[in-house]
Amino acid sequence: NFPDVRGDNLITEMTEVDLMALRFKAYYSEKRRMKEMFKKVQEQIVEYHELLEYSNKMESRLNKLKTWARFLEEECKEKSLKVSSLENEVVDLKLNLVNVKSSSQRISNELAKVKSENQLLARTLSMQSMGHASTTSAKRGSARAIR
């Protein structure tokens, strides 16, 4: 509550009481303003520390995620190499299968040929033994006739 100084009511002199009141109000006004500023600074410091703590937590989490990502990347590389190796093994096994089938077909053909030759040989032997048996029995018959 300062004295009105508008218009023609200019204060030309201040009494000691007015001067003390002005000093008192200025002091307490400045003190209140400083308290508010300190309060705002303290709030900002608290907010700063909360953000710093949150930032540290996020950095820690980021480091854990980076470590996990490196681990997964290594696992992925290992799995990729294993898949590549297995794919090569599949190709080799397919080639071996083709070779085995080819060999099996060749062996089957040779076996069929041997069976055919065995059957022919068996017939030939059978025919020869029949011819030999008839020749032998004819010889026996003529030997009996001679006696």
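Going by the structure above, here's the rest.
The model shown is predicted, which means the values in this text are computed figures rather than measured ones.

> For this particular structure, what's the right way to read the overall build of the protein chain?
From N to C terminus, the protein chain includes one helix and zero strands. For the protein chain, the exposed surface amounts to about 14100 Å²; the carbon and sulfur share of it is 59%.

> What exactly am I supposed to notice about the pattern of salt bridges here?
Where charged atoms from two side chains of opposite charge approach closely, those side chains can pair. Under the criterion given, the structure shown has two salt bridges. A salt bridge links Arg33 to Glu30, with the shortest nitrogen-to-oxygen separation between them at 2.6 Å. Linking Arg33 with Glu30, this pair stays in helix 1 (residues 16–146), spanning three residues, or about one helical turn. Taking the relative accessible area as the measure of exposure, Arg33 reaches 41% and is therefore partly exposed. Using a relative accessible area of 34% as the deciding quantity, one classes Glu30 as partly exposed. Of the charged contacts, one joins Lys57 and Glu53 as a salt bridge, the two residues approaching to 3.6 Å between their closest N and O atoms.

> I tried to follow the packing of aromatic side chains on my own but got confused; where do I start?
The geometry of an aromatic ring pair comes down to the distance between the two centres and the angle between the two planes. Taken as a whole and judged by the stated rule, the model has three aromatic pairs. Residues Trp68 and Phe71 carry aromatic rings whose centres are separated by 5.3 Å and whose planes lie at 25 degrees to one another, so their mutual orientation is stacked. Of this pair, Trp68 and Phe71 both sit in helix 1, three residues apart, which is roughly one turn of the helix. Linked through ring pairs, Phe24, Tyr27 and Tyr28 together constitute an aromatic cluster.

> Explain the environment of Met14 here, please?
With respect to the secondary-structure elements, Met14 resides in the segment before helix 1. If sequence neighbours within four positions are ignored, Met14 has contacts with Leu19 and Leu22.

> Explain a nonpolar patch on the surface here, please?
On the surface, a nonpolar cluster with roughly 350 Å² of combined accessible area is contributed by Phe24, Tyr27 and Tyr28. As for its position among the elements, Phe24 is in helix 1.

Rules behind the numbers
Residues numbered from 1 in each chain as written. Predicted model: local features only at pLDDT ≥ 70, side-chain atom pairs only at ≥ 80, totals over all residues. Heavy atoms only, no water. Helix = DSSP H or I, 4+ residues; strand = E, 2+ residues; numbered from the N terminus. Areas by Shrake-Rupley, 256 points an atom, 1.4 Å probe, with all protein chains shown as cover. Salt bridge = Lys/Arg side-chain N within 4 Å of Asp/Glu carboxyl O. Buried < 20%, exposed > 50% of the residue type's maximum accessible area, 1.4 Å probe, protein only. Phe/Tyr/Trp six-rings, centres within 6.5 Å; stacked < 30°, edge-to-face > 60°. Contact = heavy atoms within 4.5 Å. Patch = residues over 30% accessible without salt bridge, like charges linked within 9 Å, V, L, I, M, F, W, Y side chains within 5 Å.

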